[in-house]
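# Report on the structure
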Amino acid sequence: MAKPIQLSPKDMINAYLLFFVVHGAQIGVGIQGFQRIIYQDARQDAWISVLLAGIATHIVTFCMIKTLEIYGSNDLYGIQIDIFGKWIGNFLNVMYVIYCSVAFFSVLRNYIEVIQAWIFPSIGTWFLSATLLIIIIYAFTGGLRVIVGVSFFSIILSLWIMPMLAFPLKYSSAESLFPILENDFRSILKGAHSMTFTIIGFEILNVIYPFVKDKENVRKPVHLGLLASTVIYLAVMLVSITYYSEGKLLKTIWATLTLFSFISFPFMERFEFVAVCFWMLIILPNLCLYLWAAYRGAIRLVNISGTTFVWILSFFVFIGTLLIQTRTQVNTINTVFGQVAFFVIFVYPLVLWPIALLKKNLTSKKVKKNEQA
């Protein structure tokens, strides 16, 4: 059986902070342009796809928490070793470390592309990648509580961005939402499936759970965090459908940022420049949490310090950002990763929970027999 994680009091966090962790991990680069992808599948019913994807996150998270409650002080890496044994468990742990690492790379590369497309087209990828990685490394070396603090301030300091969506509403038409349910349910489900890359992040709960002090209070803040994310994605989608014409939305890569480009103030004409720059604060929790989750798995596999791990992974990520240059390459990575993430996040937890329950029941019966003997 896998050993429980040994934690010191300074590593522990309060359950209410999971609201900021989950919400901060979900809101990232995906929200900048997810509308076009969902709209391709579900058309004016794309908002229903977003709603279904949000509901799915609650169902999957319920299963995650149930599985974690069986083990209490173990994370997903330890659970997999206990259920599947040393060899298969460690293989799955390697896969999960790779998943977190690729998620980290994907978020970083997408944000670099946005900066180059909207603000600094002439700045080299190497410079942006190195600068962002140094900031991330600095936050990571502060430990989990610093990363959670980054998530907290990321949400608090970015609250002013969403009300800006009220400006495009002046030019919106609710008629674009009708007729409702014109598309078949299969297309709507396909749209919900396409939300995977956008809505991922909440799976970080699998790794952070043992670090929560009051585990009995985990459910409420986690589900509230998921609800907040769903409401934001739903609001952005509704505004986008009602603002853009059908042809325009299908051709707009970063629909959310384009919405911001129509906002102007007497003291500021290009509001989207501010939004893109400020977005670094929004994606920082994504990057730090995925990096930290990958590290938690790595130390299960090899004896490595956090500093060594973060520099090694950052080096490979830096090389990767230089190799992936075109929009087609970035889009391919997003598509492939989204397909893999669907099984990792939405399918695997539903399978793991009943297996963990079965393992628990078998272990309990075996202990009872030994006691009776």
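In what follows, the accompanying structure is described. (Residues numbered from 1 in each chain as written. Predicted model: local features only at pLDDT ≥ 70, side-chain atom pairs only at ≥ 80, totals over all residues. Heavy atoms only, no water.)

## With respect to the overall build of the protein chain
Going by this rule: In DSSP terms, a helix is any run of H or I states spanning at least four residues, a strand is any run of E spanning at least two, and both are numbered starting from the N terminus. Throughout, radius of gyration means the C-alpha value; the globule benchmark is 2.2 Å times the number of residues raised to the power 0.38. Any pair of residues with heavy atoms lying within 4.5 Å of one another is described as a contacting pair. Here, Shrake-Rupley sampling with a 1.4 Å probe gives the accessible areas, and only protein chains in the shown set may cover a residue. Note on charges: Lys and Arg go in the positive column, Asp and Glu in the negative column, and His and the chain ends are not counted at all. To locate a charge, take NZ of a lysine, CZ of an arginine, CG of an aspartate or CD of a glutamate.
Check the secondary structure of the protein chain and you find 16 helices and 0 strands. Against the globule reference of 21 Å for 373 residues, the protein chain gives a C-alpha radius of gyration of 21 Å, in line with a compact fold. If one aligns the C-alpha atoms of the protein chain with their principal axes, the spans along those axes are about 80 × 45 × 35 Å. For the protein chain, restricting intrachain contacts to residue pairs at least 6 apart in sequence, the fraction spanning at least 24 positions comes to 85%. Of the accessible surface of the protein chain, which amounts to about 17200 Å², a share of 67% is contributed by carbon and sulfur atoms. Counting 27 positive and 17 negative side-chain charges, the protein chain places the centres of these two groups 10 Å from one another.

## Describing the packing of helix α4 (residues 76-118) against helix α14 (residues 271-301)
The criterion, for reference: Interaxial angles span 0 to 180 degrees and are taken between N-to-C directions of axes, which are lines fitted to C-alpha atoms, for helices over the stretch in contact. Just so you know how the angles are binned, under 35 degrees is roughly parallel, over 145 roughly antiparallel, 65 to 115 roughly perpendicular, and the rest oblique. If you view the pair so one helix is near and one far, a crossing is left-handed when the near helix is turned anticlockwise from the far one by less than a right angle, and right-handed when it is turned clockwise.
Contact pair α4 / α14: the axes reach a minimum separation of 8 Å and the direction vectors enclose 160°. When the axis of α4 is compared with that of α14, the two are roughly antiparallel. Crossing of α4 against α14: the hand is left-handed.

## Re the side chain of T196
Looking at where T196 falls in the secondary structure, it is placed in helix α9 (residues 196-199). Residues within four places of T196 in sequence aside, it is in contact with G338, A341, F342 and F346.

## Overview of the nonpolar core
Here is the rule we go by: What makes a nonpolar core is a set of buried Ala, Val, Leu, Ile, Met, Phe, Trp, Tyr and Cys residues whose side-chain atoms join them at distances within 4.5 Å. To sort residues, take the accessible area from a 1.4 Å probe on protein chains only and compare it with the maximum for the residue type: under 20% means buried, over 50% means exposed, and anything in between is partly exposed.
Counting residues in each nonpolar core, the largest one holds 121 residues, and the members touching the most others are L18, F34, Y99, I208 and F260. The greatest single-element share of this core, amounting to 18 residues, is contributed by α4. When sequence neighbours within four positions are dropped, the list of residues in contact with L18 reads I13, L205, I208, V212, V218, P221 and V222.

## Focus on a nonpolar patch on the surface
What counts here: Patches were defined on residues exceeding 30% relative accessible area and lacking a salt bridge, with like-charge contacts within 9 Å and nonpolar side-chain contacts (Val, Leu, Ile, Met, Phe, Trp, Tyr) within 5 Å. Salt bridges are counted wherever a side-chain nitrogen of Lys or Arg sits within 4 Å of a carboxyl oxygen of Asp or Glu.
On the surface, W126, F127, I312, F315, F316, I319, L322 and L323 cluster together into a nonpolar patch covering about 830 Å² of accessible area. Listed by contribution, the elements that provide at least two residues to the nonpolar patch are α5 (125-140) and α15 (306-323). Residue contributions to the nonpolar patch peak at 6 residues, all from α15. Relative to the helices and strands, L322 is located in helix α15.

## Here we look at the environment of R300
The cut-off we apply is this: Definition of a polar contact: a pair of N or O atoms within 3.5 Å, with one able to donate and the other able to accept a hydrogen when the atoms are protein atoms, and with sequence-neighbouring residues admitted only if both atoms are side-chain atoms.
If you trace the backbone, R300 turns up in helix α14. Looking at R300, its side chain comes within polar contact range of the side chain of N74, at 2.9 Å.

## Brief notes about the environment of N217
By the secondary structure assignment, N217 is in the loop between α10 (205-208) and α11 (219-243). The exposure class assigned to N217 is partly exposed, which follows from its relative accessible area of 39%. Separated by 199 residues in sequence, N217 and L18 have C-alpha atoms that sit 10.0 Å apart.

## Brief notes about the packing of aromatic side chains
Put simply, the rule reads: Any two of the Phe, Tyr and Trp rings considered here, Trp counted by its six-membered ring, make a pair once their centres fall within 6.5 Å; the pair's planes then place it as stacked at under 30 degrees, edge-to-face at over 60, or tilted in between. In our convention, an over-ring charge means Lys NZ or Arg CZ found within 6 Å of a ring centre and within 35 degrees of that ring's normal.
Scanning the entire structure with this criterion turns up 21 aromatic pairs. With a centroid separation of 5.9 Å and 80° between ring planes, the pair formed by W126 and F127 is classed as edge-to-face. With a relative accessible area of 42%, F127 lands in the partly exposed category. Ring pairs connect the aromatic residues Y77, Y96, Y99, F197, Y290 and F337, which therefore count as one cluster. The ring of W87 has K86 lying over it, and the distance from NZ or CZ to the ring centre is 5.6 Å. It is K215 that lies over the ring of Y209; its NZ or CZ is 5.8 Å from the centre.

## Observations concerning the side chain of Q32
The topology assignment puts Q32 in the loop between α1 (18-26) and α2 (34-42). Here Q32 is in contact with Y111, V114, W254, A255, T256, L257 and W279, once residues within four sequence places are set aside.

## Here we look at α15
Selection criterion: Expected span of a helix: the number of residues minus one, times 1.5 Å. Here, the arc refers to the directions that run from the helix axis to the C-beta atoms.
The end-to-end C-alpha distance of α15 is 26 Å, a good match for the 26 Å that 18 residues give at a rise of 1.5 Å each. The complete set of buried residues in α15 reads G306, F309, V310, L313, S314, V317, G320 and T321. Here the buried residues of α15 occupy an arc of 120° about the axis, which is enough to place them on one side. Opposite the packed face of α15, turned more than 90 degrees from it, sit the exposed residues W311, F316 and L323. Buried residues belonging to α15 abut α4, α5 and α14.

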